[in-house]
Amino acid sequence: MQVPCPKCNVIVAIGSTKWFFDGGECWELRGTVACDAKEYEKCPVLIEAVSKAGKNATT
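The rules we used
- Residues numbered from 1 in each chain as written.
- Predicted model: local features only at pLDDT ≥ 70, side-chain atom pairs only at ≥ 80, totals over all residues.
- Heavy atoms only, no water.
- Helix = DSSP H or I, 4+ residues; strand = E, 2+ residues; numbered from the N terminus.
- Rg over C-alpha atoms; globule rule 2.2 N^0.38 Å.
- Areas by Shrake-Rupley, 256 points an atom, 1.4 Å probe, with all protein chains shown as cover.
- Lys, Arg positive; Asp, Glu negative; His and termini not counted.
- Charge placed at Lys NZ, Arg CZ, Asp CG, Glu CD.
- Disulfide = S-S within 2.5 Å.
- Buried < 20%, exposed > 50% of the residue type's maximum accessible area, 1.4 Å probe, protein only.

J.: I would appreciate a short explanation of the overall build of the protein in the present structure.
T.: Secondary structure assignment for the protein yields two helices and three strands. Expected size for 59 residues packed as a compact globule is a radius of gyration near 10 Å; at 11 Å, the protein falls within 12% of this value. Principal-axis analysis of the C-alpha atoms places the extent of the protein at approximately 35 × 20 × 15 Å. When the accessible surface of the protein is totalled, it reaches about 4000 Å², and 54% of it is carbon and sulfur. Taking the 7 positively charged and 7 negatively charged side chains of the protein as two groups, their mean positions are separated by 4 Å.

What follows is the structure, encoded as structure tokens:
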């Protein structure tokens, strides 16, 4: 499943055990250690978008 971030250019591709990211820098995490390490799974906006997409996929 692929989920675009509603705020920036990051796209989340969810594998069976890991999230994969494409599209650039997370605007919510810009200037933080998580952004520097590209740990975009820590972005609250992406977490919410992925959660909504997962709920929509199961209904």
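So, next bit.
J.: Would you take a moment to explain the state of the cysteines for this structure?
T.: As used in these notes, a disulfide is a covalent bond between sulfur atoms, one from each of two cysteines. Applying the stated criterion across every chain yields a total of zero disulfides. Cys-8 forms no disulfide, and the closest cysteine sulfur to it belongs to Cys-5, at a distance of 3.6 Å. Summary of cysteine pairing: Cys-35 is not part of a disulfide, and the nearest cysteine sulfur, belonging to Cys-26, is at 6.3 Å. Looking at Cys-35, the relative accessible area reads 4%, which means it is buried.

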